[in-house]
Amino acid sequence: MTAKVIDGKEFAARVRAQVAEHVARLKSENGIVPGLAVVLVGEDPASQVYVSSKGKMTVEVGMNSYEHKLAADTSEKDLLALIDRLNKDPKVNGILVQLPLPGHLNSDLVINSIDPAKDVDGFHISNVGLLGTGQKSMVPCTPLGCLMMLRDHLGSLSGLNAVVVGRSNIVGKPMAQLLLGDSCTVTIAHSRTKDLPGVCRQADILVAAVGRPEMITGDYVKPGATVIDVGINRIERDGKAKLVGDVEYDSAAKVAGAITPVPGGVGPMTIACLLANTLTATCRAHNLPEPQGLTA
Ligand code: GUN
């Protein structure tokens, strides 16, 4: 068997086009332009690339982008004052503070100072609690993108065995909550799980989010399973820099029914879902109906 390739690049372009359509309607019918504020502290090169790509795509879908680039030695007090201003600014519907923050800043404190209604990352403790109790929340972008791809490929997920490998707050835990919300039987596994290959082989849906290059080989995959690879690992092979996932693509693709590639799988979905979340936050702020198919 050779797996169907789930094309995240194409899917993300479709999501962005849907968002752009809603934004155009919001503008013409209600005179509203959604605004996304992105805060970057310091000069981490990878973060700078992400932030500039977020800004570009925000403008491309017709939203306003507000970039706040702060020096690496910015004090917590100044950062919290900026977030307070953004919380109060009616033109700003979404706020994202790029992580990781420099070590002298308390990330939990900073994230929890964002108005939960504007927390388009879904990292605020209120949104984590709302998601965990099945209430309306802002949902973290990467797991939301994975859920959209799974629903698109499989239709109903009800009753399927899902194994999430990885227990991070950003991906593993919210991913498990979303799959549970869609009536999967969910296992959260991780690097310490006993007989990890055996546990993974039970999965109709296998989500790899461990951050270890090519750890999940074909031996971990149940024949016909849908494999979602969240990993983005930069490695060097044959003297060349290469981007690989947490899944060893070639061996897994021989066993799986469908698989996301790296690059071009989950990655592009993250920013598309950030824009979808900003649109959702804007609609909620104005008591307008939420866009269908762009939320959990
Ligand atoms: N750094 C890496 N990924 C993310 C993300 O999804 N959100 C934020 N805020 N920072 C990140």
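Novice: Any chance you could explain the packing of helix H6 (residues 141-154) against helix H10 (residues 266-285) here in plain terms?
Specialist: Two measures define how a pair of helices packs: the angle their axes make with one another and the distance between the axes. In contact at an axis separation of 8 Å, H6 and H10 are set at 105° when each is read in the N-to-C sense. In terms of orientation, H6 lies roughly perpendicular with respect to H10. Every residue of H10 that contacts H6 at Cys 141, Thr 142, Leu 144, Gly 145, Cys 146, Met 148 and Met 149 is listed here: Val 266, Met 269, Thr 270, Cys 273, Leu 274 and Asn 277. Classifying every residue of the contact of H6 with H10 gives nine nonpolar, four polar and no charged.

Novice: Which parts of the structure should I look at to understand the sheet that holds strand E11 (residues 258-259)?
Specialist: For sheets, the rule is that strands pair by backbone hydrogen bonds, running either parallel or antiparallel. Within the open sheet, the six strands sit side by side as E1-E11-E8-E7-E5-E6. Their pairing is parallel. The two strands at the open ends of the sheet, each matched to only one other strand, are strand E1 (4-5) and strand E6 (185-189). With four bridges connecting them, strand E7 (residues 205-208) and strand E8 (residues 226-229) associate as parallel partners. Considered in E8, the bridge of Val 207 is made with Ile 228. Along the sheet face, H6 touches E1, E7, E8 and E11 and points at about 160° away from the line of E8.

Novice: What's the story with the sheet that holds strand E3 (residues 64-70) in this structure? I'm lost.
Specialist: What the three strands build is an open sheet, ordered E3-E2-E4; its pairing is parallel. The sheet is open, and its two edges are formed by E3 and strand E4 (94-97), each paired on a single side. Sheet twist, expressed as the average angle between the axes of neighbouring strands with direction ignored, equals 15°. With four bridges joining them, strand E2 (residues 35-41) and E4 adopt parallel strand pairing. Paired with Val 38 across the strands is Leu 96, a residue of E4. Across the sheet, helix H2 (residues 45-60) touches E2, E3 and E4, and the angle it forms with E3 is around 160°. Docked against the sheet, helix H3 (residues 76-88) engages E2, E3 and E4, running at close to 175° with respect to E2.

Novice: How should I be thinking about the site of the ligand in this particular structure?
Specialist: By nearness alone, every residue bordering the ligand is listed as Leu 96, Val 97, Gln 98, Leu 99, Asp 121 and Phe 123. One nitrogen or oxygen atom from the main chain of Val 97 is found 2.8 Å from a nitrogen atom belonging to the ligand. Here a nitrogen atom of the ligand and a side-chain polar atom of Gln 98 are 3.2 Å apart. Coverage of the ligand by the protein amounts to 77% of the 280 Å² it exposes when considered alone. Among the residues making up the shell around the ligand, the classes are represented as four nonpolar, one polar and one charged.

Novice: How should I be thinking about the environment of Thr 226 in this particular structure?
Specialist: Structurally, Thr 226 can be placed in strand E8. Classification of Thr 226 as buried rests on a relative accessible area of 2%. Residues Thr 226 and Val 266, 40 residues apart in the sequence, show an inter-C-alpha distance of 13 Å. Excluding residues within four positions of it along the chain, Thr 226 makes contact with Ile 6, Leu 150, His 153, Leu 154, Asp 204, Ile 205, Leu 206 and Ala 258.

The rules behind each value
Counting of residues starts from 1 at the beginning of each chain's written sequence and follows it residue by residue. In keeping with the predicted nature of the model, local features appear solely for residues at pLDDT of at least 70, side-chain atom pairs appear and are counted solely at 80 or more, and the whole-chain, interface and lining totals rest on all residues. Each side-chain value is derived from all of the structure's non-hydrogen atoms; neither hydrogens nor water enter the calculation. Simply put, an axis is a line fit to the C-alpha atoms, just over the touching stretch for a helix, and the angle between two N-to-C directions goes from 0 to 180 degrees. Counting from the N terminus, the helices are the DSSP runs of H or I reaching at least four residues and the strands are the DSSP runs of E reaching at least two. Any angle from 65 to 115 degrees is called roughly perpendicular, while one under 35 is roughly parallel, one over 145 is roughly antiparallel, and all others are oblique. Here a residue-residue contact requires only that any non-hydrogen atoms of the pair lie within 4.5 Å. Residue type decides the class: Asp, Glu, Lys and Arg count as charged, Ala, Val, Leu, Ile, Met, Phe, Trp, Tyr, Cys and Pro as nonpolar, and the leftover types, Gly among them, as polar. Strands were regarded as paired on the criterion that DSSP finds at least two bridges between them. Residues are counted as near a molecule or strand when any one of their heavy atoms sits within 4 Å of it. Pairing of N or O atoms within 3.5 Å defines a polar contact, subject to two protein rules: one partner must be a possible hydrogen donor and the other a possible acceptor, and residues neighboring in sequence count only if both atoms are side-chain atoms. For the area figures, the Shrake-Rupley method with a 1.4 Å probe applies, and any residue is considered shielded solely by the protein chains shown. Relative accessible area decides the class of each residue, using a 1.4 Å probe on protein chains only: under 20% of the type maximum gives buried, over 50% gives exposed, and in between gives partly exposed.

Limitation: the analysis is restricted to geometry and does not speak to function.
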